[in-house]
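Observations on chain architecture
Each chain, written out:
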Amino acid sequence: MSQPGKLHALTRVLAILAVIAALVLGISVGVGIAVTRNIASVENFSEFNPALPTKILDIKGRLITEFFADEKREMVALKELPQHLVDAIITREDQDFWKHRGFSILGIFRAAWGVITHKSLGGGSTITQQLAGDLYADRKEISLRRKVVELWWALQLERRFTKQEILEMYLNRMIMGPGVYGVEAASKFYFGHSAREITLAESVILVIQLSSPTKYNPFRNPNNARARSHEVLDQMIKLGYCTRKQADESFDAYWDNYDYTRVATGAFFSREDKSPWFSEHVRRELEGMLYGSLDLYKDGFTVYTTLDLDKQNVADRLMAQTLDRVNKEFQASSSLRFAEADRTWVPLVELIGLSFNLNELFVSQSKVRSKAMSAFRGRINPTVDAMSLLFDIPDLKVTTKAGYDAEKTEIEKATVECALITIENDTGRIVSMIGGSRYDASNQLIRATQAKLMPGSAFKPLMYSAALDTRKFTEGTMIVDGPVVFPNEDGTTYVPLNYSGKWNGQLLMWKALALSLNIPSIKILDAIGFDATITRSASLLGITDPAQIRATFPRYYPLALGVISISPMQLARAFSIFSNSGKEVTPISIISIEDRNGRILLEPEKSLRVEQKRKGTAIQVISPQTAYLMVDMLKRVISAGTLFRLTQGGKLFTYKTKDGKDFTLPSCGKTGTTQNWADAWTVGFTPYMTTAIWFGFDRAGNSLGISQYGEATAGVLWASYMYEIHKGLEPRDFSRPQAGIVSVNVCKKSGLIPTEFCNEGVDSLLFLEGTAPTSYCDLHQSKSAIDSELQSQLEDRASAYSGAADSGLSIDSELEEMLKQAEAAGNEGTPTELLE
């Protein structure tokens, strides 16, 4: 091809490319204009719609709390803010804001030169560009593309909005702390008051958060914040926004009164919450329900829950009072134990250490060391920590953290923790919940639902229900409470004791449960077997995974005494099944969830009811008859057992109907205390609700003290709390099955049909049909019957002694001796047993 031809072809190619480029550019511009044409509707300031928090409501529609997590913001109008805050923003972020049209050529070149020279010369983005980047770009991305996107949208914002509107959007949107967005939320987080009341020095502290909320956080890095804020104040003076006197007075007033010991926490933990333990439980439930693009913290859901704030307030108030008393008694008990050790055992151990040159037993040194460590953790370490912040010594901060960690461990060992949960028996709705002594960033273990705790004797009713179903045991089965040795499956032996260290001899099964005796419980386990006990307990507690069942229930005799690890909610569920006629009870906290427009997204409770209905008869965990027998036996814990004194035998729960008539609401319960008084429990219910209460420690190895057992600690709170939350309710009784249960009068001592000689009283007990006693009591007979049988026996014995005068024992003396035995024994045995 000739040279002119080549030029012609090249010209045509260039022309075609130019046309294509023009088309692409035109289309791009058209799309851009189309997108930005309706910017007023997309980002209309008057309709500014930031992320909305999720509202958590109680059963009566009252606000419990809001979940906002990483975007806590409160809107405020620009005209309501003090001028020095606006001036501080302009000084620090964009001094030409009122003049430029959305971008600054000088700023762009300055930022570019800083990148080239690897120097920090400040950012090149204007306030408008920062807002555009936050709205329409990913500001975490460091690229030329992001800058172009920011510039494009900055031009559109300047075209659509006034400077005042842009600045107001900026002040309400930008991040200014850990989970804090906008000046109003930031001011409340850092200073505890509205941005409308902010001082000059406080304004500057807020402004420097925009460049680095971590580096200049006044809680974490007060020295950085102090130095940087002083620099900004100097700039404001140069620009004429304030005088030196105003700046110095405000600066000194703030920093001279600054609390260097305050710690930084996220806004999430600073939120108002009327039931923080329950809210945290709900939050975790929601995170498992909401998936995909749904965002719990931004989408503005409304969550209707089962909590009753009235009952929660009662729980909080009474728990605070009880926990304070329990901690004081624990500390007093500990002091007494330590004093006794110092008085009795320390001198002895020290003598041994000195006599045999055993430094490990030289108590004086260890006591000095212990006191020194206590003083360091309590007084010196906090002071050193504050100094590390004041003088900016990071290495010292690491050391003080180790001190705080050691102190935390000691606190966990020496601080009494607690848990409370109340559920409705017929619905499983969680009415109130307390998960620990306090809720904050360092204490989020919800002990009511998460902790694995040893229930002690509060576990026994689960096993007793299994015993009833074997039909080998009834309420009236006589059991001997006495010393016994049990062989474990692995060949070891187990010798249990009762809590009191005493034996009660012969008694009926209901009374063994009411008095929480250990030996009868272990005898029941021995009789019905581990399989029956574990299967029943797992089903009542809601444990279905075979591996978890094996891990939870040891095949040792202490299982009968509650040596397992379960949560208070699991135990409350088990007891509520007794009240619910043996039907499954599933604790639930969320009724329904709506989106920001009021549309229902999920109805967890409705779904649960559908699932339960689908189960049909399989919803029965235990039979209605067995459940009612357990109700009857647990009533007797109130009327004649460990909860008798606290509840006045059940009369405590006496109320008035609307027409003024008195009625007593039936109640059931069981106490529990573990080895060395480490845990104290009370679990109980009425026809309405079940409540489980626990006191103990997060770390094993401590004791509440011998005076703080289940009845004395958890029992006191349980009785007071249950009385309060049932006020205003109508009379209700437990539902008794129409068939399958018989009521029989039995001898209180033997559990058999009473005779005219049963002078220790008669009791009316319930039995599964076919298990009631059919024989008469053989423990009580008339004195004449005893004398007659003794005479007959002695006459037979006398014939054996005829002609044996040299035996040295006359018949009269033997008769006298045997009659003395009969008189001493009273009605405790038959004459035959006495003679044998």
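Predicted model only: the values in this text are computed from it and were never measured. Starting from 1, residues in each chain are numbered consecutively following that chain's sequence as written. Per-residue local features are limited, in this predicted model, to residues with pLDDT of at least 70; the limit for side-chain atom pairs, both in listing and counting, is 80 or more; totals at the level of whole chains, interfaces and linings are taken over all residues. In computing side-chain values, all of the structure's heavy atoms are included and hydrogens and water are not.

1. Quick look at helix H7 (residues 163–173)
Test applied: Relative accessibility thresholds used throughout: buried, under 20% of the residue-type maximum; exposed, over 50%; partly exposed, between the two (1.4 Å probe, protein chains only). The helix count covers DSSP runs of H or I at least four residues long, the strand count covers runs of E at least two residues long, and both are numbered beginning at the N terminus.
The element H7 is largely enclosed, with a buried count of nine among its 11 residues. Those residues of H7 not exposed but buried are Lys163, Ile166, Leu167, Glu168, Met169, Tyr170, Leu171, Asn172 and Arg173.

2. Quick notes on unusual backbone geometry
The phi angle at arginine 471 is positive, at roughly 65°, despite the residue not being glycine. Residue position: arginine 471 is located in the loop between helix H17 (460–470) and strand S9 (478–481). Classification of arginine 471 by relative accessible area gives partly exposed; the value is 44%. At tryptophan 677, a position not held by glycine, the phi torsion is positive, near 55°. Summarising the element assignment, tryptophan 677 is placed in the loop between strand S17 (668–673) and strand S18 (680–685).

3. Comments concerning the side chain of threonine 306
Here is the rule we go by: Here a polar contact means two N or O atoms within 3.5 Å. Within protein one must be a hydrogen donor candidate and the other an acceptor candidate, and residues neighboring in sequence count only if both atoms are side-chain atoms.
Tracing the backbone shows threonine 306 in the loop between strand S6 (302–305) and helix H14 (309–355). Since its relative accessible area comes to 4%, threonine 306 is described here as buried. Of the polar contacts made by the side chain of threonine 306, one reaches the backbone oxygen of isoleucine 430; its length is 2.6 Å.

4. Considerations on the sheet that holds S17
Put simply, the rule is: Paired strands, in this sense, are two strands between which DSSP finds at least two bridges. Lines fitted to C-alpha atoms define the axes here, with helix axes fitted over just the stretch in contact, and angles between the N-to-C directions of these axes take values from 0 to 180 degrees.
The five strands are arranged S8-S7-S19-S18-S17 in an open sheet whose pairing can be described as antiparallel. Looking at strand neighbours, the two that pair on one side only are strand S8 (430–434) and S17, the edges of this open sheet. Each strand axis lies, on average, 5° off the axis of its neighbour in the sheet, ignoring direction. As paired strands, strand S7 (residues 417–424) and strand S19 (residues 689–696) are joined by eight bridges and run antiparallel to one another. In the strand pairing of S19, isoleucine 421 is matched with alanine 692.

5. Some thoughts on the sheet that holds S6
Pairing is mixed in the open sheet, where five strands are placed in the order S2-S1-S6-S13-S14. Strand pairing shows two members of the sheet lacking a second neighbour, strand S2 (63–67) and strand S14 (600–602), which therefore form its edges. Across the sheet, the axes of successive neighbouring strands diverge by a mean angle of 25°, strand direction being ignored. Note: strand S1 (residues 54–57) against S6, three bridges, orientation parallel. By the bridge assignment for S6, leucine 57 is matched with tyrosine 304.

6. What about the packing of aromatic side chains?
Operational definition: Between rings of Phe, Tyr and Trp, where Trp is taken as its six-membered ring, a pair exists when centres lie within 6.5 Å; planes separated by under 30 degrees are stacked, by over 60 edge-to-face, and by other angles tilted. Remark: a charge is flagged as sitting over a ring if the NZ atom of Lys or the CZ atom of Arg is within 6 Å of the ring centre and within 35 degrees of the ring normal.
Following the criterion strictly, the structure yields 15 aromatic pairs and no others. A centroid spacing of 5.0 Å and a plane angle of 70° characterise the contact between phenylalanine 189 and tyrosine 190, whose relative ring orientation is edge-to-face. Accessibility assignment for this pair places phenylalanine 189 and tyrosine 190 in one class, buried. When the centroid spacing of 5.7 Å and the interplanar angle of 85° are considered together, the rings of phenylalanine 685 and phenylalanine 734 count as edge-to-face. Highlighted residues: phenylalanine 685 in strand S18 and phenylalanine 734 in the loop between helix H26 (711–725) and strand S20 (741–747), separated in sequence by 49 residues. Grouping residues by exposure puts phenylalanine 685 and phenylalanine 734 together as buried. In this structure an aromatic cluster arises from ring pairing among Phe189, Tyr190, Phe191, Phe251, Tyr254 and Trp255. Taking the ring centre of phenylalanine 97 as reference, the NZ or CZ of lysine 163 above it sits at 4.5 Å.

7. Considerations on the pairing of S8
Along S8, five of the five residues are buried, which leaves the element largely enclosed by surrounding structure. Pairing of S7 with S8 involves four bridges; the strand directions are antiparallel. Bridged to isoleucine 423 within S8 is isoleucine 430. Linking two consecutive strands that pair antiparallel, namely S7 and S8, is a turn of five residues; a positive phi of about 80° is found at glycine 428 within it.

8. A look at the packing of H17 against helix H19 (residues 518–528)
Two quantities define a packed helix pair, namely the angle between the axes and the distance from one axis to the other. Counted only if it meets this: Should an angle lie under 35 degrees it is considered roughly parallel, over 145 roughly antiparallel, and from 65 to 115 roughly perpendicular; all remaining angles are considered oblique. In this scheme, a crossing is called left-handed if the near helix is turned counterclockwise away from the far one by less than a right angle; it is called right-handed if the turn is clockwise. In what follows, a contact means two residues having at least one pair of non-hydrogen atoms within 4.5 Å. Only Asp, Glu, Lys and Arg are considered charged in this grouping, and only Ala, Val, Leu, Ile, Met, Phe, Trp, Tyr, Cys and Pro are considered nonpolar; every other residue, Gly among them, is considered polar.
For the pair H17 and H19, the least separation of the axes is 10 Å and the interaxial angle reads 45°. By the angle between their axes, H17 is oblique relative to H19. Considering the relative orientation of H17 and H19, their crossing is left-handed. Residues Lys460, Met463, Tyr464, Ala466, Ala467 and Thr470 of H17 lie in contact with H19, whose contacting residues are Asn518, Pro520, Ser521, Ile524, Leu525 and Ile528. Of the residues belonging to the contact of H17 with H19, the class tally is eight nonpolar, three polar and one charged.

9. Some details on the environment of leucine 57
Tracing the sequence through the fold places leucine 57 in strand S1. The sequence separation of leucine 57 and tyrosine 304 amounts to 247 residues, and the corresponding C-alpha distance is 5.1 Å. Apart from residues lying up to four places away in sequence, leucine 57 is in contact with Arg62, Leu63, Ile64, Thr302, Val303, Tyr304 and Thr305.

10. Quick notes on the pattern of salt bridges
Note the following rule: Any Lys or Arg side-chain nitrogen found within 4 Å of a carboxyl oxygen on Asp or Glu counts as a salt bridge.
This model, assessed by the stated rule, comprises 33 salt bridges. A salt bridge links arginine 244 to aspartate 234; the shortest N-O distance between them is 3.1 Å. Within this pair, whereas arginine 244 is found in helix H11 (residues 244–255), its partner aspartate 234 is found in helix H10 (residues 222–238), the two being separated by 10 residues in sequence. For arginine 244, a relative accessible area of 40% corresponds to the partly exposed category. Looking at aspartate 234, the relative accessible area reads 23%, which means it is partly exposed. With its nearest N and O atoms 3.2 Å apart, the salt bridge here joins lysine 311 to aspartate 308. When its relative accessible area of 7% is taken as the criterion, aspartate 308 is described as buried. Taken together, the salt bridges that share partners define one network made up of Asp58, Lys60, Arg62, Asp308, Asp310 and Lys311.

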